[in-house]
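Each chain, written out:
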Amino acid sequence: MKFKPKIGIAFTSVEGYDLDQDKLEIFEKEAKTVLGEMDLEKVYLDFKVKNENNSKKANALFKKEDIDLLMIIVGVWTPDSTVISLVNDLKMPILVFTTSLSIHTVSVNGAQVIVASLKELGYDFKFIFGDIGSAEVHKKIKDYAMAAAIVKKLKDTRIGLMGHIPDIMLSLEVDSFSVKNIFGPTVVPIDYYKIDYYQ
């Protein structure tokens, strides 16, 4: 069975401003086509996140989906408050992607404000700017999605530890708490005489 990251994808916008929003419709179709070609399991919203109500609705949907990564696509300037409501209590890495559809969309400025707020609030995130169709952007998205999925998987993993370190080599002792804290797995000691039990 192939390991495939599961990502939630939200396109964001703002209500009440033109900002060349017609370009966002075209871009959303293009982005979905491009993302569709990537070897990722994708969960799309059937609406744009452009106000507080949309944010709360999207938040509830993503919580139910058990995703590894949330990808926020900022094609048009979006208030950071909208995104903060979207990510509220979502315990997962966030990927903020933006591109420049026109000088009127000011998506880059919006995305910069969003990532500054995410940083200030201590969220784990990555910011990518570029052409959604470029190989470089594809690699960055896939790499971050895979890393997020692996980290999530490790949190539920148990590592068996056999044997003991002699007194003269204490520096080689496994620091179980650091392994758990940094990588997520729980280290479980296994005695030699119980080896048949674990097979």
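Since this is a predicted model, take the numbers as computed values, not measurements.

A separate point is the overall build of the protein. Counting its secondary structure elements, the protein contains seven helices and seven strands. Shown N-terminal to C-terminal, the secondary structure of the protein runs as helices and strands in the order β-α-β-α-β-α-β-α-β-α-β-α-β-α. A globule of 199 residues ought to have a C-alpha radius of gyration of about 16 Å, yet the protein, at 21 Å, is considerably larger. Classification of the 199 residues of the protein by burial places 41% in the buried group. Once local pairs closer than 6 in sequence are excluded, the contacts in the protein between residues at least 24 apart make up 75%. Surface summary for the protein: the accessible area is close to 11,800 Å², and the carbon and sulfur share equals 55%. Taking the average location of the 25 positive side-chain charges in the protein and that of its 28 negative ones, the two points are 3 Å from each other.

The pairing of strand 4 (residues 94–98) with strand 5 (residues 125–129) spans five bridges and is classified as parallel. Note on strand 5: the bridge partner recorded for Phe97 is Ile128. Each parallel crossover has a hand, and for strand 4 linked through helix 4 (residues 107–120) to strand 5 it is right-handed.

Further remarks concern helix 1 (residues 21–36). Residue pairs spaced three or four apart in an α-helix point in one direction, given the helix's 3.6 residues per turn. For helix 1, with 16 residues, the first-to-last C-alpha span of 23 Å sits near the 22 Å given by 1.5 Å per residue. Inspection of helix 1 places Gln21, Leu24, Phe27, Glu28, Ala31, Val34 and Leu35 among the buried residues, and these make up the whole buried set. Against the buried residues of helix 1 lie strand 1 (6–12), strand 2 (41–44), strand 3 (69–74), strand 4 and helix 5 (135–155).

A word on the sheet that holds strand 3. The five strands are arranged 2-1-3-4-5 in an open sheet whose pairing can be described as parallel. Of all strands in the sheet, those with a lone pairing partner are strand 2 and strand 5, marking the two edges. Sheet twist, expressed as the mean angle between neighbouring strand axes with direction ignored, is 25 degrees. Relative to strand 2, strand 1 runs parallel, the two being bridged by four bridges. Considered in strand 2, the bridge of Ile9 is made with Tyr44. Its contacts with the sheet place helix 2 (residues 52–65) against strand 1, strand 2 and strand 3, and it is angled at close to 170 degrees to strand 1. Sitting on the sheet, helix 3 (residues 80–87) touches strand 1, strand 3 and strand 4, and the angle it makes with strand 3 is about 160 degrees.

A word on the nonpolar core. Among the nonpolar cores identified, the biggest contains 25 residues, and Phe27, Met71, Ile73, Phe97, Ile132 and Ile141 are the most heavily contacted of them. With residues near it in sequence (within four places) discarded, Ile141 still touches Leu35, Met38, Leu40, Met71, Leu95, Ile128 and Ile132. Grouped together as the second largest cluster of nonpolar side chains are 22 residues, Ala58, Val74, Leu90 and Met92 included.

What follows is about the environment of Ile128. Tracing the sequence through the fold places Ile128 in strand 5. Given a relative accessible area of 2%, Ile128 falls into the buried group. Spatially, the C-alpha atoms of Ile128 and Ala31 are 14 Å apart, while their sequence positions differ by 97 residues. Ignoring sequence-local partners within four residues, the contact set of Ile128 consists of Leu95, Val96, Phe97, Thr98, Val137, Lys140 and Ile141.

Within a pair of aromatic rings, the relevant descriptors are the distance that separates the centres and the angle that separates the planes. Inspection of every chain in the model, using the stated rule, returns zero aromatic pairs. Lying across the ring of Tyr44, Lys32 places its NZ or CZ 5.1 Å from the centre.

What follows concerns the pattern of salt bridges. For the structure shown, the criterion picks out 10 salt bridges. Lys6 is paired through a salt bridge with Glu65; the nearest N and O atoms lie 3.3 Å apart. In this pair, Lys6 sits in strand 1 while Glu65 sits in helix 2, placing the two residues 59 residues apart along the sequence. Since its relative accessible area comes to 16%, Lys6 is described here as buried. Note on Glu65: relative accessible area 30%, which makes it partly exposed.

Conventions used here
- Residues numbered from 1 in each chain as written.
- Predicted model: local features only at pLDDT ≥ 70, side-chain atom pairs only at ≥ 80, totals over all residues.
- Heavy atoms only, no water.
- Helix = DSSP H or I, 4+ residues; strand = E, 2+ residues; numbered from the N terminus.
- Rg over C-alpha atoms; globule rule 2.2 N^0.38 Å.
- Buried < 20%, exposed > 50% of the residue type's maximum accessible area, 1.4 Å probe, protein only.
- Contact = heavy atoms within 4.5 Å.
- Areas by Shrake-Rupley, 256 points an atom, 1.4 Å probe, with all protein chains shown as cover.
- Lys, Arg positive; Asp, Glu negative; His and termini not counted.
- Charge placed at Lys NZ, Arg CZ, Asp CG, Glu CD.
- Pairing = 2+ DSSP bridges.
- Right-handed = clockwise from strand over helix to strand, strands pointing away.
- Expected span 1.5 Å × (residues − 1).
- Axes fitted to C-alpha atoms, helices over the stretch in contact; angles between N-to-C directions.
- Core = buried A, V, L, I, M, F, W, Y, C linked by side-chain atoms within 4.5 Å.
- Phe/Tyr/Trp six-rings, centres within 6.5 Å; stacked < 30°, edge-to-face > 60°.
- Lys NZ or Arg CZ within 6 Å of the ring centre and 35° of its normal.
- Salt bridge = Lys/Arg side-chain N within 4 Å of Asp/Glu carboxyl O.

Function cannot be read off these values alone, since they describe shape.
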